[in-house]
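# A closer look at the structure
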Amino acid sequence: MGRVVVCGSLNMDVIAESARRPMAGETVLGAAVSFLPGGKGLNQAIAAARLGVPAVMLGAVGGDLFGTTLRRVLAAAGVDGRGVRTVRAATTGVALIQVAQGDNAITGASGANMAFRAAMVREAPRRGDIWLAQFETPLATTETVLRRARRAGARTLLNLAPMVDHPARLLKLVDIAVLNEIELAQATKSKLGPKSSRRRVVAACEILRRRGVRTVVATLGARGAVAVSADGVLVVPGLKARVVDTTGAGDCFVGALAARFVRGATLADALRYANAAAACAVERLGAAPAMPSAREVAARLARA
Ligand code: RIB
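Because the structure is predicted, anything quoted here is derived from the model rather than measured. (Residues numbered from 1 in each chain as written. Predicted model: local features only at pLDDT ≥ 70, side-chain atom pairs only at ≥ 80, totals over all residues. Heavy atoms only, no water.)

### Regarding the overall build of the protein chain
Going by this rule: Counting from the N terminus, the helices are DSSP H or I runs at least four residues long and the strands are E runs at least two residues long. Radius of gyration here uses only the C-alpha atoms, and the compact-globule reference equals 2.2 Å multiplied by the residue count raised to the power 0.38. Only protein chains enter the accessibility calculation, which uses a 1.4 Å probe; a residue is then buried when its area is under 20% of its type maximum, exposed when over 50%, and partly exposed in between. Residues count as neighbours in contact if any of their non-hydrogen atoms are within 4.5 Å of one another. Residue-level accessible areas treat just the shown protein chains as cover; the underlying method is Shrake-Rupley with a 1.4 Å probe. The charged-residue count follows a simple rule in which Lys and Arg add positive charge and Asp and Glu add negative charge, with His and chain termini not counted at all. Charge placement uses NZ in Lys and CZ in Arg. For Asp and Glu, CG and CD serve respectively.
Looking only at helices and strands, the protein chain has nine helices and 13 strands in total. In terms of overall size, the protein chain behaves like a compact globule, its C-alpha atoms giving a radius of gyration of 18 Å where 304 residues would be expected to give roughly 19 Å. With respect to the three principal axes, the spread of C-alpha positions in the protein chain is 50 × 45 × 40 Å. Across the 304 residues of the protein chain, 55% fall into the buried class. Pairs at least 24 residues apart make up 67% of the contacts formed inside the protein chain by residues separated by at least 6 positions. When the accessible surface of the protein chain is summed, it comes to about 13400 Å², and 54% of that surface belongs to carbon and sulfur atoms. Each charge class in the protein chain was averaged separately, 41 positive and 21 negative side chains, and the resulting centres sit 5 Å apart.

### Digging into the pattern of salt bridges
To keep it simple, the criterion reads: Salt bridge, as used here: a side-chain nitrogen of Lys or Arg that lies within 4 Å of a carboxyl oxygen of Asp or Glu.
Considering all chains together, one arrives at 14 salt bridges under this definition. Among the salt bridges present, the one from Arg82 reaches Asp80, with a minimum N-O distance of 2.7 Å. According to the relative accessible area criterion, Arg82 is exposed, its value standing at 69%. Across the salt bridge formed by Glu283 and Arg300, the nearest N and O atoms sit 3.6 Å from each other. Linking Glu283 in the loop between helix H8 (267-281) and helix H9 (294-303) with Arg300 in helix H9, this pair joins segments that are 17 residues apart in sequence.

### So, the state of the cysteines
Heads up, the condition is: Whenever a pair of cysteine sulfur atoms sits within 2.5 Å, that pair is classed as a disulfide.
Here the structure, examined in full by the defined rule, presents zero disulfides. Not part of a disulfide, Cys205 finds its nearest cysteine sulfur in Cys252, a span of 20 Å. Distance from the sulfur of Cys280, which forms no disulfide, to the nearest cysteine sulfur (Cys252) is 7.2 Å. Residue class for Cys280 comes out buried when judged on its relative accessible area of 10%.

### Comments concerning the packing of aromatic side chains
In plain terms, the rule: We call Phe, Tyr and Trp rings a pair once their centres come within 6.5 Å, taking the six-membered ring for Trp, and we label the pair stacked below 30 degrees between planes, edge-to-face above 60, and tilted otherwise.
As enumerated under the stated definition, the model contains one aromatic pair in all. Taken together, a centroid distance of 6.4 Å and an interplanar angle of 40° make the contact between Phe35 and Phe66 tilted. Highlighted residues: Phe35 in strand E3 (residues 32-38) and Phe66 in helix H2 (residues 65-76), separated in sequence by 31 residues. Given the relative accessible area of 26%, Phe66 is considered partly exposed.

### Focus on helix H1 (residues 40-50)
Among the eleven residues in H1, ten count as buried, and that is most of the element. When H1 is considered as a whole, its buried residues turn out to be Lys40, Gly41, Leu42, Asn43, Gln44, Ala45, Ile46, Ala47, Ala48 and Ala49.

### Some details on the pairing of strand E2 (residues 11-17)
Condition: Whether two strands pair depends on DSSP finding at least two bridges between them.
When you tally the buried positions in E2, you get five out of seven residues, the bulk of the element. Across seven bridges, E2 lies against E3 in antiparallel orientation. In the sheet register, Ala16 faces E3, and the bridge partner there is Val33.

### Observations concerning unusual backbone geometry
With an omega of -15°, the peptide bond between Ala161 and Pro162 qualifies as cis. As for its placement among the helices and strands, Pro162 is situated in the loop between strand E9 (155-159) and helix H4 (168-171). Positive phi, close to 55°, is recorded for Lys189, a residue that is not glycine.

### Structural notes on the nonpolar core
To keep it simple, the criterion reads: Definition of nonpolar core: a set of buried residues of the types Ala, Val, Leu, Ile, Met, Phe, Trp, Tyr and Cys, connected through side-chain atoms within 4.5 Å.
Residues Met57, Leu157, Phe253 and Leu257 are the most contacted members of the largest nonpolar core, which totals 51 residues. Apart from residues no more than four positions distant in its own chain, Leu257 is found in contact with Leu157, Ile176, Val178, Val217, Ala270, Leu271 and Ala274. Counting 27 residues, the second largest nonpolar core, distinct from the first, contains Ala177, Leu184, Ala187 and Val226.

### Here we look at the environment of Val61
Within the fold, Val61 resides in strand E4 (residues 55-62). Residues Val61 and Thr86, 25 residues apart in the sequence, show an inter-C-alpha distance of 5.1 Å. Beyond its immediate chain neighbours, meaning those up to four positions away, Val61 contacts Leu10, Gly67, Leu70, Arg71, Val84, Arg85, Thr86, Val87, Thr92 and Ala112.

### Notes on the sheet that holds E2
Where strands meet in a sheet, backbone hydrogen bonds hold them as pairs that are either parallel or antiparallel. Note the threshold: Fitted lines through C-alpha atoms give the axes, limited to the stretch in contact for helices. The angle between two N-to-C directions lies from 0 to 180 degrees.
If you walk across this open sheet you meet the four strands as E3-E2-E6-E7, and the pairing is mixed. The open sheet has two edge strands with one neighbour each: E3 and strand E7 (103-109). This sheet shows a mean twist of 20° between the axes of neighbouring strands, independent of strand direction. Lying on the sheet, H2 is in contact with E2, E3 and strand E6 (93-100); it crosses E2 at an angle near 95°.

Take a look at the structure:
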C-alpha cells in the first residue's frame with residue numbers, strides 16, 4: 001500500500017469555548033480552555049493514520065515544550081514523525097481558537113511552520129503515495145515537494161487552506177484540490193455563500209480545473225461536498241451530526257480522502273467516505289483528537 005505523506009503545519013491549539021464569541025473591544029467571561037494538538041498538516045496525518053493507512057508527517061516545530069508534545073502525539077497516533085524538524089530559533093506554531101455554538105474562529109501564529117524548507121525533506125516520494133500539502137507552510141516548499149512527488153509518480157493533493165495568493169504554476173502540480181466554499185470564492189473571485197446553487201459551485205471548481213488541477217473537491221459543510229473532474233460532477237449530501245466543534249472537520253475530510261485513495265478507492269467512494277469521516281469529527285471537541293477510527297466511519301456509513 002502507498003503512504004499518505006503530509007507536508008504541512010503542526011500547531012498547539014489553544015481552544016476557548018464560550019457561549020458566544022466576543023465582539024471587537026468586548027470581554028466575554030466564563031470560557032473553558034483546552035490545549036489540544038492541531039495544525040492542518042498534523043490533523044490530516046492523524047486522520048489518515050486513524051483510518052489505518054501508513055502516514056508520514058513532514059514539517060517543523062520549535063525547540064519548546066509544545067514541539068515535544070506534538071512529536072509525542074504523532075507517535076501515539078502511529079504517524080511516522082521522523083521528518084519533523086526542530087527549528088531551535090523559532091516557537092512551535094500556535095492557533096488561538098474561539099469556539100461558540102459549534103462554530104469556530106481561528107487566529108494562527110505560524111512560528112516554526114514558516115521555517116519549513118524543502119531542503120529539510122529527506123523523505124523520497126514513491127509511486128502509490130499521496131503527498132498532501134496546505135497553505136500553512138511556505139509556498140516554495142510546497143511547490144518543490146509537490147513537483148518531486150509528481151516526478152516520482154506519486155499523486156498530489158493540495159488543500160488550499162487558508163487561502164493565500166499563490167503562483168499559477170502551483171496548481172499545475174495538483175491532482176486533487178480540496179477547499180471549502182470560502183476558499184473557493186477567494187481563489188476564483190466568485191460570489192459564493194452558504195446558499196449558493198450547485199451550478200455556481202461547479203462553475204467555480206471549473207475555474208480551478210482550467211488552471212491545471214485535475215480534480216477539484218469543494219467541501220460545503222452541512223451540505224456535503226461536490227467533486228468536479230474530467231469525468232463530470234459528483235455530489236455527496238451532508239450527513240446529520242450533533243455538532244460540538246467544526247474545527248478540523250475539513251482536515252478530517254482531506255486525510256480520509258487521501259487514506260481512501262491510497263487504498264485504491266474511486267473518487268465516488270473516497271468522497272462518500274471522507275464525508276462520513278468529517279461528520280464523525282464534528283461531534284467532538286478539538287481537531288486532531290476528534291479524528292475518527294475506521295470502525296466509527298464504517299458505522300456512520302452504515303447509518304447513512
Ligand atoms: O483546520 C483546523 C486547524 O487550523 C487547527 O487545528 C489550527 O491549528 C489551524 O491550523
